[in-house]
Amino acid sequence: MATARPRGHGDMRAAARTPRRPVPKKPSNPSLKDPVGVYCRVRPLSRPDQECCIEVINETTVQIHPPDGYRIFRNGEYRETQYSFKEVFGTLVVQKKLFDVVAKPLVEDLIRGKNGLLFTYGVTGSGKTHTMTGSPGDGGLLPRCLDMIFNSIGPFQAKRFVFKLDDKNGVDVQCEVDALLERQKRDAMPVPKTPSGKRQIDPEFADMINVQDHCKVEDVDEDNVYSVFVSYIEIYNNYIYDLLEEAPFEPIKPKWNNCNTPVRNGDFIPPQSKILREDQNHNMYVMGCTEVEVKSTEEAFEVFWRGQKKRRIADTQLNRESSRSHSVFIIKLAQAPLDADGDNVLQEKEQITLSQLSLVDLAGSERTNRTKAEGNRLREAGNINQSLMTLRTCIEVLRENQMYGMNKMVPYRDSKLTHLFKNYFDGEGKVRMIVCVNPKAEDYEESLQVMRFAEMTQEVEVARPVDRALCGLTPGRRLRNQAFQEELSRKLEMRGGPINEETEEQSVAEMFLQSLPPLPSCELLDVNDDQTLPKLIEVLEKRQKLRQMLSEEFAKNVLTFKTMLQEFDSSVVAKENYLQGKLSEKDKTIARQKTDVERLEKKIKTLEYKIEILEKTTTIYEEDKRNLQQELESKSQKLQRQASDKRRLEARLQGMVAETTMKWEKECERRVAAKQLEMQNKLWVKDEKLKQLKAIVTEPRNEKPERPSRERDREKPVQRSVSPSPVPNAPPVRLRHRRSRSAGERWVDHKPPSNLPTETVMQPHVPHAITVAAASEKALAKCDKYMLTHQELASDGEIETKLIKGDVFKTRGGGQAVQFTEIETLKQESPTGRKRRSSPSNPDPAEDATDSAWTDVETRCSVAVEMRAGSALGPGYQHHAQPKRRKP
């Protein structure tokens, strides 16, 4: 059957009014961060024969392995996993060592004005409550923290009600008169709200707080006064309840009707849940929570024990006293400096420092199929697991935001537990966690999840809180005031008190009575006695005279004393006038100084405003700088990538160019070689034809061969013989048309003296020529043409004569210049060097006729050789064969 959650009216108002605010700027140093300190404590097994799945490897590492049954169920897989912590405490570790390592630094920070959060985490039955509270004779972390606090600040505690907490998570300081009135009002109450330290300690928890260590903080500020306030709350089904509230309270006994609302009867009134608020410093607090001022360890632990009895616990299959809620014990320490005299508390609220230490005992995570929970127990287990899951989610989001630079919203508001302590994770104090594990094999899977959560929590970093500001007063004020009080008491004792003055006055009166003459006996025994009365009269007369004399002396003394008083009054008046003048001057000086102070304060405010503006501007500029740096880095990376791509492309293109160049070079070389071979073949063919022509011309023939026809010449070209026979060189033939063109021109025939005579039949002959051995300007000025005869040795060892021709023209400077136009070559060959062409095995009659055509004299005489400049091969060869017509 489903049941509704008990919800107070305050929660409904909170859900309607509390807005979501952005995360404010915390008074912490974001550049300095400390990781969350995670410690592990392994509880001993209940029975020696139980199977263990957790082993302590060293001081910082534990190893968890699946039990035997789990391995069989998981197809025989066996995996051992190790987890590291800041420190691991084994089964034999005592509470004192755990306190010294984990909680003692938090207490030291509390006294120095810093906040701290310590919580125990683990599965049901792992020893969380034992670690926090302890057992008789062996107190846990909570009583040891209280004992260390009061051992440190015991002599410096303020009187009750000097510090007064308000309902907005703040603290005020009262004067001694208001504090005295509060104490009298409290003493007048019939039943005191807070336990008295003089009452007898409850034997139920007396052994828990009987700590003999006397641990305390050494460097406590003695010029401050301190007060301790404690509160105790629990988070049950995601609702906050005050365990110190004096309203009638019955745990785990609410009655609910069919409408899921509590039954209103006279026997039971359900407790009202509390709501969370945010103070002016953006810190979360429980509104309307009871906060008790305590003055000793016994008194503080008695308050805790009174709330512990109201905490919700139940019997489950896993734990006989299983916590069904998260408990939070909050210790607040208010401190303020003494004034300059070191006697009273400084009445300035800005100088008050309020720090708090939260000790959290989380409910254990559990599986409902193992606890066999039903009804309310099932609903409680679901809420416990949900709140722990929210805590895990918040830790995971914080870890992702810090490791990967993300800005995800942390879901603090999904649970009252995480919403209450979100300030600690935002940098309001130091956070430490004790992971309690039970090594028995039945808790293997739950312990594995706890280990994974602890490993993730260690990666979260919390900003380190800044130190509190100094008050600016001279240190050592309390000691000087105590020394002054002791010296004043000593001097008063030396001078004597009011009782000694009365004794002195009585002695003066006795001495005055003794100085008077004694009275004689006044008894009259006889009627005729005439001596007794005269003697009495005489004594009385003497006393009268002495009295008159003393009266006169007293009057004189009175007059003298009056005169002295008048003089003293006049001197006092004069001094008063003088002092009034001085005071008026001092008042004027003070007024001027106040004016200066106000002016300086205004100036300070102006400068602070300017500083704030500059800080904001600096923040904006820094943000712009970071953005520009990121943009610059991104562009630099982009440019680097582009440069890298460019280099790779250049290397690739260079490779392609080199490959293509090499390819084309090889292709050009191949083509050039082919072309050279082709031209050499053509040249060789032409040389062979010329050699044959020379041989035919110089060889005598008896028979006149038949002249080959032009058609046969066109039809069949001359084939290249395999091994032509050498023929003697034919004499050079002079072109007729060349001779006719130069008939009317003057030539400069330049023949160097080093030339050798060729003694050939065909010799170059130039008419109208001026023959010179060296070219001169005078000869060039008279002629139009220029010819240079040059000789060189050919490749076959014969002399080759070249006739280099050119045109002579005048230059602008008045000189002569020659532009070469053509070259003629004359070559002489030996007739013995010619080889006959070998005939093929099957001679063709047409070929024989063609070969015989070369023996025709007329044909031989009609062959000429012309050399032209500017041909494709430089001075190349062009063969002209013009057959001579036969006479009819």
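Everything numeric in this text was worked out from a predicted model, so none of it was measured.

Visitor: Which parts of the structure should I look at to understand the overall build of the chain?
Guide: For the chain, the helix and strand inventory stands at 20 helices and 29 strands. Nonlocal contacts in the chain, meaning residues at least 24 apart in sequence, comprise 72% of its contacts between residues at least 6 apart. Total accessible area computed for the chain in this model is approximately 55600 Å², and 53% of it derives from carbon and sulfur atoms.

Visitor: Got a minute to help me understand the packing of helix 5 (residues 141-153) against helix 7 (residues 297-308) in this structure?
Guide: Their axes nearest at 9 Å, the elements helix 5 and helix 7 cross at an angle of 150°. With respect to their mutual orientation, helix 5 and helix 7 come out roughly antiparallel. You can see that helix 5 and helix 7 cross each other, and the crossing is right-handed. Seen from helix 5, the contacting residues are Leu142, Pro143, Leu146, Asp147 and Phe150; seen from helix 7, they are Thr297, Ala300, Phe301 and Phe304.

Visitor: Would you take a moment to explain a nonpolar patch on the surface for this structure?
Guide: Nonpolar side chains collect at one region of the surface, where Met403, Tyr404 and Met406 lie side by side and expose about 310 Å² of accessible area between them. For Met403, the position within the fold is in helix 9 (residues 376-404). Looking at Met403, the relative accessible area reads 43%, which means it is partly exposed.

Visitor: Is there a simple way to explain the packing of helix 3 (residues 95-111) against helix 5 in this structure?
Guide: Helix-helix packing is characterised by the crossing angle of the two axes and by the distance between the axes. Between helix 3 and helix 5, the least distance of the axes is 9 Å, while the angle of their chain directions is 45°. On the basis of the axis angle, helix 3 is oblique to helix 5. The two elements helix 3 and helix 5 meet at a crossing, and its hand is right-handed. Between helix 3 and helix 5, the residues in contact are Gln95, Lys96, Leu98, Phe99, Ala103, Lys104, Val107, Glu108, Leu110 and Ile111 and Leu141, Arg144, Cys145, Met148, Ile149, Ser152 and Ile153, respectively. Of the residues assigned to the contact of helix 3 with helix 5, the class counts are 11 nonpolar, two polar and four charged.

Visitor: Help me understand the sheet that holds strand 5 (residues 81-84), please; the structure alone is not making it clear to me.
Guide: In space, the three strands of this open sheet follow the order 3-4-5, with antiparallel pairing throughout. Both edges of this open sheet fall to strand 3 (54-56) and strand 5, since each of them pairs with a single strand only. If you compare each strand with its neighbour and ignore which way they point, the axes differ by 25° on average. Pairing geometry for strand 4 (residues 61-64) and strand 5, over four bridges, is antiparallel. Directly across from Val62, in strand 5, lies its bridge partner Tyr83.

Visitor: Please clarify how the environment of Asp100 should be interpreted in this entry.
Guide: Examined against the element boundaries, Asp100 turns out to sit in helix 3. Here Asp100 falls in the partly exposed class, since its relative accessible area comes to 29%. There is a polar contact of 2.7 Å between the side chain of Asp100 and the side chain of Lys96.

Visitor: Whenever I open this one, the packing of aromatic side chains confuses me. Can you help?
Guide: Aromatic rings considered in pairs are described by the distance between their centres and by the relative angle of their planes. This model, assessed by the stated rule, comprises nine aromatic pairs. Ring geometry for Tyr121 versus Phe453: centroids 4.7 Å apart, planes at 40°, classification tilted. Remark: Phe453 occurs in helix 12 (residues 444-457) and Tyr121 occurs in strand 7 (residues 115-122); sequence separation between them is 332 residues. Taking relative accessible area as the criterion, Tyr121 reaches 6% and is therefore assigned buried. Aromatic side chains Phe304 and Phe329 sit 5.3 Å apart centroid to centroid with 85° between the ring planes, which places their arrangement in the edge-to-face category. Separated by 25 residues along the polypeptide, Phe304 in helix 7 and Phe329 in strand 19 (residues 326-337) bring together distant segments of the chain. Assessed through its relative accessible area of 2%, Phe304 is described here as buried. Among the aromatic residues, ring-to-ring pairing joins Tyr232, Phe301, Phe304, Trp305 and Phe329 into one connected group. Lying over the aromatic face of Tyr239, Lys416 brings its terminal NZ or CZ to 5.5 Å of the ring centre.

Visitor: Help me understand the pairing of strand 20 (residues 353-361) in this model?
Guide: One face of the sheet, then the other: side chains in a regular strand alternate in exactly this way. In terms of residue burial, strand 20 counts as a mostly covered element, since eight of its nine residues are buried. Across nine bridges, strand 19 lies against strand 20 in antiparallel orientation. In the strand pairing of strand 20, Val328 is matched with Val360.

Visitor: Explain the pattern of salt bridges to me, please; I cannot follow it from the model alone.
Guide: The full count for this structure, using the stated rule, is 34 salt bridges. Glu487 serves as the salt-bridge partner of Arg490, at 2.1 Å between the closest nitrogen and oxygen. Of this pair, Arg490 and Glu487 both sit in helix 13 (residues 477-495), three residues apart, roughly one helical turn. In this structure Glu487 comes out as partly exposed when scored by relative accessible area, which is 30%. Residue Lys785 pairs with Asp807 through a salt bridge whose shortest N-O separation is 2.4 Å. Separated by 22 residues along the polypeptide, Lys785 in strand 25 (residues 785-793) and Asp807 in strand 26 (residues 799-810) bring together distant segments of the chain. Members of the salt-bridge network, linked through shared partners, are Glu108, Arg112 and Asp219.

What counts, and where the lines are drawn
- Residues numbered from 1 in each chain as written.
- Predicted model: local features only at pLDDT ≥ 70, side-chain atom pairs only at ≥ 80, totals over all residues.
- Heavy atoms only, no water.
- Helix = DSSP H or I, 4+ residues; strand = E, 2+ residues; numbered from the N terminus.
- Contact = heavy atoms within 4.5 Å.
- Areas by Shrake-Rupley, 256 points an atom, 1.4 Å probe, with all protein chains shown as cover.
- Axes fitted to C-alpha atoms, helices over the stretch in contact; angles between N-to-C directions.
- Parallel < 35°, antiparallel > 145°, perpendicular 65-115°, else oblique.
- Left-handed = near helix turned anticlockwise from the far one by under 90°.
- Patch = residues over 30% accessible without salt bridge, like charges linked within 9 Å, V, L, I, M, F, W, Y side chains within 5 Å.
- Salt bridge = Lys/Arg side-chain N within 4 Å of Asp/Glu carboxyl O.
- Buried < 20%, exposed > 50% of the residue type's maximum accessible area, 1.4 Å probe, protein only.
- Nonpolar A, V, L, I, M, F, W, Y, C, P; charged D, E, K, R; others polar.
- Pairing = 2+ DSSP bridges.
- Polar contact = N/O pair within 3.5 Å; in protein donor to acceptor, adjacent residues only side chain to side chain.
- Phe/Tyr/Trp six-rings, centres within 6.5 Å; stacked < 30°, edge-to-face > 60°.
- Lys NZ or Arg CZ within 6 Å of the ring centre and 35° of its normal.

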